[in-house]
Amino acid sequence: MRAMSATSKVRKKTPRKNRVHSAFAAIAVLVGMMTMGLAGLRLLNMNLEQRLTRLNETIENYQEIELDLKNNMASLLSPARVYSVASAKMGMVSEASVTVVSVAVPKPSVSMASLPVKARKGLGELALSMIFRKEAHAQD
Amino acid sequence: MFRVFKDVWTWLFLVIVILAARLAVIQLWPDPRTVSQASSQYWTQVSISTSRGVIRDNRGAALAMSVPATSLFIDPQYWDPANAPELKAVLKNLVSASDLAKFSKPMKGRFVWVARKISPDLAARLLSKKLDGLYALKERKRVYPQGPLLAQVLGFCDIDDEGLAGLEQSWQDILYSPPQAKILARDASGQGIDLMSLQRAPKTMKPGELVLTIDPILQMVVEKRLKEATDEYKPKWAAAVCLDPRDGAVLASASWPTFDPNKRHTLKNPLVRLNNVIGRVYEPGSTLKPVIMSIAKEQGLVRENEYFHCGGRIKVADGVVTDIKAHGGQHLADLVVNSCNVGMAQIGIRFRPRFSYDNLKQWGFSSLSGIELPGEEEGLVSTPEQWRGVVPANIAIGQGIGMTPLQLITALSAVINGGRCVRPYIVKEAKDGEGKIVYRGGEFVKNVVISKKTSDWVRTVMRRVVTEGTGKAANSPKVSVGGKTGTAQVAEHGKYVKGRFVASFVGFWPVENPDHIWLVVLGEPSQKGHLGGAIAAPAFRAMLEDYLVLAQ
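Residues numbered from 1 in each chain as written. Chains lettered and ligands numbered in written order. Predicted model: local features only at pLDDT ≥ 70, side-chain atom pairs only at ≥ 80, totals over all residues.

A. Structural context of the overall build of chain B. If you tally the helices and strands in chain B, you get 19 helices and 21 strands. Here the C-alpha radius of gyration of chain B, 33 Å, is well above what a compact globule of 552 residues would show, namely 24 Å. Its C-alpha atoms give chain B principal-axis dimensions of roughly 135 × 50 × 50 Å. Within chain B, buried positions represent 48% of all 552 residues. Partitioning the contacts of chain B with sequence separation of at least 6, the portion at a separation of at least 24 is 72%. (Helix = DSSP H or I, 4+ residues; strand = E, 2+ residues; numbered from the N terminus. Rg over C-alpha atoms; globule rule 2.2 N^0.38 Å. Buried ≥ 20, exposed ≤ 12 C-beta atoms within 10 Å, placed from the backbone. Contact = placed C-beta atoms within 7 Å.)

Next comes the structure, spelled out in structure tokens:
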């Protein structure tokens, strides 16, 4: 009877101890997983932060390039520069110093109807040649 | 119980517990000295200059802006003095001989400037050599993309971007953005790494912006032609200013001698920093006659059909007023058309001192015009007690009274715009960092000094000055111009000096409804003439004709 009670005590103690051990193990695993998860998140955070920093640097660099370009554009569009390039390199001169030559085109003094057919044809060719000459002159 | 202390694991456990506790104490409640030392070792705070606001002309182009620049400094703790010649080899003139000597020896402290605000490319060339202890900071540099254009009006800044002159100084509150402090981590070599730019970057104040009334094409034309006139006539100083007489907007303002705010060495001469348009007081001479004539006509001191005689000189009390020649019989309008001193002196002596003094004050003389620029002079008008003897006659011919070119052109604007004395303005609008408009320049009528009828009459008289009088050289077939010439004597120590003159011409167009009034002043020309009609009027015409072509 005494031996039986001793065995039952042992039987009773063993499952409780196992349960405690299991609980500790579970908690340890849980804490370990949480720690690892936290560390993982922290690593991810650092990685993202670094990427953001790089992005910010890129933005800053582009902003600097933009400022430089704006400065260049303002210099290039400066009226003084435009004027000097136009006059020195492209030959712009003031209106007053431009001479316009106009050539008067002679008009036929006789009426076409009063002329014979052959002469009329000849005058037509003359008029046509004048037109061509005018157009050629216009292209100059 | 004590059996556990015989176990080595127990002792190991206790040691670990003590160490952990101590670690916790050190980490959680560190010694302030340790914190300070660690901070200085691992973190560094640098001051970063931020952009100043942009100044734009009335077409939106930037006249002043900030661009990226790099500054180099040495941390003596990491610096090897043997590397000093490398600095000189790349930076050349930016490192002086004394600087080179300094960098060649061991230095104290943790921060020594090498070069401020150099081009990023040049800095990159030096940094690529990876010299220990040499570091770079990103900064902003103030630049003026259009070079010397509008230099005295824009002003300039010091190396730390604080405005020192011109609009840069007077609009400092709008344009300036305080430097930003940046915290960098240091790596093993002491190089700063920007890890804090995300969450902990302080919120910076954005700078504002100024938009001016300046027409860039007109400004360019005026400066170019003024420079040509100064090259030809070699004056001591010169100025040109253009206004819209209807509302007082300053369309162009040029002063000579001038400087390039991008080149600091051009600032050495103090004369170049003086804005002659607002800071130079001079006796205007005959260009004041339209104002005097307007006052006399408005006060009823003269009649339109009145007849004067000019014999070439007239004695007035204790003095004599002379003319370039005897004009003979002159109608009232002819006094202005032919710039007759003798006739104008006769009008001057009719002035009642107290009333006329107050009247001149109403025209804006001897008081600040109110333009948004620093360094403006008030000018000088004799007090009524001093209006004795020849003084009123002198004032009537534009002598014995001091004013700035801006005051004169403002008064002449009133002559031609119907009598409204408007306050000149050069800032069209000012915006704060958020883009909100905090100031808007515009028409502000200070006084109505003459009637429209008087104004119309004087305007037609001034048209005759250009068509048949002393200002023929300013006439242009392209547009109807009115104007007035001026050749004033220069006083020194209370006496007019022989051979020293100020030549000027004021012109406006179109005569029927003027929207431009320009004043050209050449102070003490030393060659090829001295008369306003001979040297200032042609400069005006050149400006006008250039502008009419280029503005299209």
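What follows picks up the thread again.
B. Representation of the overall build of chain A. Along the backbone of chain A there are 3 helices and 0 strands. Taken from the N to the C terminus, the helices and strands of chain A come in the order α-α-α. Considering chain A as a whole, with its 140 residues, one finds that 2% of them fall into the buried category.

C. The arrangement of the pairing of strand β5 (residues 134–143) of chain B in detail. Residue and element names in this part refer to chain B. A large share of β5 lies buried, amounting to 8 of its 10 residues. Examined bridge by bridge, strand β3 (residues 62–74) and β5 share 10 bridges and lie antiparallel to one another. In the sheet register, Met65 faces β5, and the bridge partner there is Val143. (Pairing = 2+ DSSP bridges.)

D. The arrangement of the environment of Gln169 of chain B in detail. Residue and element names in this part refer to chain B. Note on placement: Gln169 falls in helix α7 (residues 166–170). Note on Gln169: 17 C-beta atoms within 10 Å, which makes it partly exposed. As a C-alpha pair, Gln169 and Leu373 span 204 residues in sequence and 8.7 Å in three-dimensional space. Contacts of Gln169, omitting those with residues within four sequence positions, involve Gly155, Gly163, Leu164 and Pro374.

E. View of the nonpolar core. Residue and element names in this part refer to chain B. Counting 147 residues, the largest nonpolar core has Leu210, Val241, Ala536 and Phe540 as its most contacted members. In terms of residue count, helix α19 (residues 532–550) provides more of this core than any other element does, 9 residues in total. Taken domain by domain, the makeup of this core includes at least three residues from each of domain 1 (45–77 + 109–212) and domain 2 (216–550). Not counting the four nearest positions on each side in its chain, Leu210 is found in contact with Gly53, Ile55, Arg56, Leu167, Trp171, Ile174, Leu175, Val427 and Ala430. (Core = buried A, V, L, I, M, F, W, Y, C linked by C-beta atoms within 7 Å. Domains from an automatic or database assignment.)

F. Quick look at the packing of helix α9 (residues 216–233) of chain B against α19 of chain B. Residue and element names in this part refer to chain B. Packing of α9 against α19 brings their axes to within 9 Å, and their N-to-C directions diverge by 150°. Considering the angle they form, α9 stands roughly antiparallel to α19. Judged by the sense of rotation from one axis to the other, the crossing of α9 with α19 is right-handed. Note on element contacts: α19 touches α9 through Ile535, Ala539, Ala542, Met543, Asp546, Tyr547 and Leu550, opposite Ile217, Leu218, Val221, Val222, Arg225, Leu226, Ala229 and Tyr233. Taken together, the residues of the contact of α9 with α19 sort by class into 13 nonpolar, no polar and 2 charged. (Axes fitted to C-alpha atoms, helices over the stretch in contact; angles between N-to-C directions. Parallel < 35°, antiparallel > 145°, perpendicular 65-115°, else oblique. Left-handed = near helix turned anticlockwise from the far one by under 90°. Nonpolar A, V, L, I, M, F, W, Y, C, P; charged D, E, K, R; others polar.)

G. How the structure looks around the interface of chain A and chain B. Between chain A and chain B, the contact holds 18 residues from the first and 17 residues from the second. Mapped by element, the contributors of at least two residues to the side of chain A that touches chain B are α1 (2–76) and α2 (79–89) of chain A. Ranked by residue count, the leading element in the side of chain A that touches chain B is α1 of chain A, at 11 residues. Classifying every residue of the side of chain A that touches chain B gives 7 nonpolar, 6 polar and 5 charged.

H. Representation of the confidence of the model for chain A within the structure. All names here are of chain A. When pLDDT is averaged across chain A, the result is 74; 64% of the residues are at 70 or more. Looking across chain A, the model is least confident in helix α3 (residues 117–139), with a mean pLDDT of 50, and most confident in α2, with 87. Confidence over residues 131–140 falls short of pLDDT 50; this stretch has 2 contacts with residues more than four positions distant or in other chains. (pLDDT = per-residue confidence, 0-100.)

I. View of the sheet that holds strand β21 (residues 516–523) of chain B. Residue and element names in this part refer to chain B. Across the sheet, which stays open at both edges, the 5 strands sit in the order β10-β9-β21-β20-β19 with antiparallel pairing between neighbours. For this open sheet the edge positions go to β10 (249–256) and β19 (482–492), each flanked by a neighbour on one side alone. If you compare each strand with its neighbour and ignore which way they point, the axes differ by 15° on average. In the sheet, strand β9 (residues 237–244) pairs with β10 via 7 bridges, with the strands oriented antiparallel.

J. Just the environment of His331 of chain B, in detail. The residue His331 of chain B is located in strand β14 (residues 328–331) in this model. Put simply, His331 of chain B and Glu223 of chain B are 108 residues apart on the chain and 38 Å apart in space, counted from C-alpha to C-alpha.

K. The arrangement of the domain arrangement of chain B in detail. Residues and elements named next belong to chain B. Examined at the domain level, chain B breaks down into domain 1 (45–77 + 109–212) and domain 2 (216–550). Measuring from the centre of the C-alpha atoms in domain 1 to the corresponding centre in domain 2 gives 42 Å. Opposite the 30 residues of domain 1 that make contact, domain 2 presents 25 residues. Those elements giving two or more residues to the side of domain 1 that touches domain 2 turn out to be α6 (151–154), α7 and β8 (209–212). Broken down by class, the residue content of the side of domain 1 that touches domain 2 amounts to 19 nonpolar, 7 polar and 4 charged.

L. Structural context of unusual backbone geometry. Residue and element names in this part refer to chain B. The step from Trp256 to Pro257 runs through a cis peptide bond, and the omega angle for that step is 5°. Within the secondary structure, Pro257 sits in the loop between β10 and α10 (270–273). The phi dihedral of Lys234 is positive, around 45°, even though this residue is not glycine. Note that Lys234 resides in the loop between α9 and β9.

M. Inspection of the packing of α2 of chain A against α9 of chain B at higher detail. Where α2 of chain A meets α9 of chain B, the closest approach of the two axes is 9 Å, and the angle between their N-to-C directions is 65°. On the side of α2 of chain A, the interface is formed by Pro79, Ala80 and Tyr83 of chain A, while α9 of chain B contributes Pro216, Ile217 and Met220 of chain B. Class assignment of the residues belonging to the contact of α2 of chain A with α9 of chain B gives a composition of 6 nonpolar, no polar and no charged.

N. Region of interest: α19 of chain B. Residue and element names in this part refer to chain B. End to end, α19 covers 26 Å across 19 residues, agreeing with the expected 27 Å (1.5 Å per residue, within 8%). The complete set of buried residues in α19 reads Gly532, Gly533, Ile535, Ala536, Ala537, Ala539, Phe540, Arg541, Ala542, Met543, Leu544 and Tyr547. Buried residues in α19 make contact with α9, β19, β20 (495–509) and β21. (Expected span 1.5 Å × (residues − 1).)

O. Highlighting the environment of Asn276 of chain B. All names here are of chain B. Here Asn276 lies in helix α11 (residues 276–279). Sequence separation of Asn276 and Gln152 is 124 residues, and the distance between their C-alpha atoms is 8.8 Å. In contact with Asn276, not counting residues within four places along its chain, are Trp237, Ala238, Ala239, Ser255 and Pro405.

P. Region of the structure containing the confidence of the model for chain B. Here chain B shows a mean pLDDT of 90. Residues at 70 or above account for 95%. Interface scoring of the predicted complex returns ipTM 0.73; its pTM is 0.79.

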